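# A closer look at the structure
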Amino acid sequence: MDLESEKELVFRAKTDADAFGLLYDEYYPKVFGYVLNRTASIETAKDITSEVFLKALRTIKRFQWRNISFSAYLYRIAGNEIKNVYNRNKQLNLIKQDIIISEIINDVSVNAEIARLEADIQKHEDFLLLHKCIVKLPGIYQEVIVLKYFEKKSPGEICAILGKREGTVKSLLHRGLKKLKKLMEDNATF
Amino acid sequence: MKNEDLIKKLESARLPEAELHTHRRLLKTALLENYAYASNKTATAAKRRRIPIMSIITGFFRSDRPAWQKAMASTFAVILLLITALAINMSPLVRDYEAMAMEATLNDPEVKEIIEYGEIDTDTLKIDAVFDIENGIRYFIRIGEGKIAIVDLSKWTFASQIVDVIDIETVPITDASKQKLVGIASTNLEIKAILESGASIYMYYFDYIPAYMSSSSFSNFVHETGGGSPFCVKDEEIISDYWTELTARFWIEYEGNKYFVFIDMLSESILSTSCSPIDQEVTTTIVK
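Residues numbered from 1 in each chain as written. Chains lettered and ligands numbered in written order. Predicted model: local features only at pLDDT ≥ 70, side-chain atom pairs only at ≥ 80, totals over all residues.

## Concerning the overall build of chain B
- The secondary structure content of chain B amounts to eight helices and 12 strands.
- Burial status across chain B gives 27% buried among its 288 residues.
- Across chain B, contacts joining residues at least 24 apart in sequence account for 53% of those joining residues at least 6 apart. (Helix = DSSP H or I, 4+ residues; strand = E, 2+ residues; numbered from the N terminus. Buried ≥ 20, exposed ≤ 12 C-beta atoms within 10 Å, placed from the backbone. Contact = placed C-beta atoms within 7 Å.)

## Some words on unusual backbone geometry
Residue and element names in this part refer to chain A.
- Of note in the backbone geometry, alanine 40 takes a positive phi value of approximately 55° without being a glycine.
- Mapped onto the secondary structure, alanine 40 falls in the loop between helix H2 (17-39) and helix H3 (42-59).
- Phi at lysine 152 is positive, roughly 55°, even though this residue is not glycine.
- Mapping lysine 152 onto the fold places it in the loop between helix H9 (139-150) and helix H10 (155-162).

## Overview of the environment of glutamate 6 of chain A
- Among the structural elements, glutamate 6 of chain A can be located in helix H1 (residues 3-13).
- The class for glutamate 6 of chain A is partly exposed, based on 19 C-beta atoms found within 10 Å.

## Brief notes about the environment of lysine 55 of chain A
Residues and elements named next belong to chain A.
- Mapped onto the elements of the fold, lysine 55 is located in helix H3.
- For lysine 55, a count of 24 C-beta atoms within 10 Å puts it in the buried group.
- Remark: the alpha-carbon pair of lysine 55 and isoleucine 77, spanning 22 residues in sequence, is separated by 7.9 Å.

## Considerations on the pairing of strand E10 (residues 257-264) of chain B
- Where E10 of chain B meets strand E11 (residues 269-277) of chain B, eight bridges bridge the pair, whose relative direction is antiparallel. Within E11 of chain B, the position partnered with valine 261 of chain B by the bridge is threonine 273 of chain B. (Pairing = 2+ DSSP bridges.)

## Thoughts on helix H2 (residues 21-33) of chain B
Residue and element names in this part refer to chain B.
- The terminal C-alpha atoms of H2, which comprises 13 residues, lie 18 Å apart, in line with the 18 Å expected from a rise of 1.5 Å per residue.
- Those residues of H2 lying buried are His23, Arg24, Leu27, Ala30 and Leu31. Taken end-on, H2 shows its buried residues confined to a sector of 140°, consistent with a single buried face. More than 90 degrees from the buried face of H2, the exposed residues found are His21, Thr29 and Glu33. (Expected span 1.5 Å × (residues − 1). Arc of directions from axis to C-beta.)

## A look at the interface of chain A and chain B
- The interface of chain A with chain B comprises 59 residues on the first partner and 47 residues on the second.
- Mapped by element, the contributors of at least two residues to the side of chain A that touches chain B are H2, H3, helix H4 (70-86), helix H7 (108-121), helix H8 (125-134), H9 and helix H11 (166-186) of chain A.
- Examining the composition of the side of chain A that touches chain B, we find that 10 residues originate from one element, H2 of chain A, more than from any other.
- Class assignment of the residues belonging to the side of chain A that touches chain B gives a composition of 32 nonpolar, 11 polar and 16 charged. (Nonpolar A, V, L, I, M, F, W, Y, C, P; charged D, E, K, R; others polar.)

## Overview of the packing of H2 of chain A against H2 of chain B
- Two numbers describe how H2 of chain A lies on H2 of chain B: the axes approach to 10 Å, and their chain directions differ by 155°. Classed by the angle they form, the pair H2 of chain A and H2 of chain B counts as roughly antiparallel. The two elements H2 of chain A and H2 of chain B cross, and the hand of that crossing is right-handed. Across the interface between the two elements, Ala17, Gly21, Tyr24 and Tyr28 of chain A of H2 of chain A pack against Arg24, Lys28, Leu31 and Leu32 of chain B of H2 of chain B.
- A class-by-class count of the residues in the contact of H2 of chain A with H2 of chain B yields five nonpolar, one polar and two charged. (Axes fitted to C-alpha atoms, helices over the stretch in contact; angles between N-to-C directions. Parallel < 35°, antiparallel > 145°, perpendicular 65-115°, else oblique. Left-handed = near helix turned anticlockwise from the far one by under 90°.)

## Regarding the nonpolar core
- If you look at the biggest cluster of nonpolar residues, it comprises 54 residues, and the most contacted ones within it are Val31, Val35, Val52, Phe53, Leu74, Ala78 and Val144 of chain A.
- Looking at this core, the elements that each hand over two or more residues are H2, H3, H4, H8, H9, H10 and H11 of chain A together with H2 of chain B.
- A total of 10 residues in this core trace back to one element, the largest contributor, which is H2 of chain A.
- Taken domain by domain, the makeup of this core includes at least three residues from each of domain 1 (1-116) and domain 2 (124-190) of chain A. (Core = buried A, V, L, I, M, F, W, Y, C linked by C-beta atoms within 7 Å. Domains from an automatic or database assignment.)

## Things to note about the confidence of the model for chain A
Residues and elements named next belong to chain A.
- Per-residue confidence for chain A gives a mean pLDDT of 82, with 86% of residues at or over 70.
- Per-element mean pLDDT across chain A ranges from 47 in helix H5 (residues 93-97) up to 92 in H2.
- A low-confidence stretch, residues 90-97 (pLDDT under 50), is modelled with 12 contacts involving residues beyond four sequence positions or located in other chains. (pLDDT = per-residue confidence, 0-100.)

## Some remarks on the confidence of the model for chain B
Residues and elements named next belong to chain B.
- Taken over all residues, the pLDDT of chain B has a mean of 71, while the share at 70 or more is 68%.
- This model gives residues 43-50 a pLDDT under 50, and the stretch forms six contacts once residues within four places in sequence are excluded.
- The low-confidence segment residues 282-288, where pLDDT is below 50, has 17 contacts with residues more than four positions distant or belonging to other chains.
- Confidence metrics for the complex model read pTM 0.54 and ipTM 0.87.

Here it is as structure tokens:
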């Protein structure tokens, strides 16, 4: 979707549920994929993705278009939610209590799907070993590394998502890789 | 290990695309079914908050009650306010809360990292704003020039925890934002007349909160709670793309007077205006 059509869609989504649905269709896989790459847990990715879209829905009327893709806003919310869950040991209790999505979280068919996908993930040992080291890094380095190498985002997109200047992103990436390298060298599995 | 090897590992280790089809479908249905409720929740909450207290007060003073009752009520209210203000100022707990929030910030690993890499003097950390939230207090603590730590303190357990560390970036305020501000201010006929007579605005201030937080109970602090002032960034700057406008202020100089206009950006209405001679500090509220 080009930026102009997205702008129009976001504007419509402020008053039109169907337009919000189109935004959801466009970005659900991206948000889910990003959270999964950050957390390596289908269950957590499901909960955080639910929270991201619920927050997006609740703030869509206030969202101000600034020529940056709406996905950057969603990635930003996702990043903050991940931080809340992992860095602060804060559980997603609020989401689970939310009247809108509590039923989905407890849905039996969803749980069966989660179990199947969790089993699939366990087959990707390289990823899991790498992920084990990445999660030991401070949050900001995790974000920048996952966005760059797993999400294949361009430097401009990373700047938009993190709300940082290009120079800052480059130095974060440089420092993050250095730290990751050290962690991996210290880890006997690599 | 060489850098190239690490990058190769990273590039090849990505998980294949996985999707929870049932969750995707159910979540979409739930969101769309609740679209009207969820997307209007914040806006209506702001409106709802104003009604009860104001209607009780105005109802009381407009009623046919004897004048002595109204006078007594006013005196009692003033005394109560003074006692409350004194009690709050004298309470040692106020300072303790702040110290606890500051301690939680300084002990946070992410903040430690920021301080270490940014070579920030810990003495420069300061509380930028304090807000009432459900069951507690929320502190916004400024770390250097570019970060804010958000710390929540529970009223019941006195436990403090960092909720988030946010980046602050500055970008120019758009002309459209300024125009919107002038449009809202022009609903006041006096200000409209001043602007139409050629007076120019010489300073803008916008106050912001993070947009992603504007839907939560966090938005309850707005104006009524008096829990603290929100952020204020001068002139041609705002805080990041992801912050939403909360309040705005600007000044107009006209015929030896300085006019001040304070606007609520959530309800897009004027909160107050005041006027004072340019060379005097004391302001007189002319509209409220």
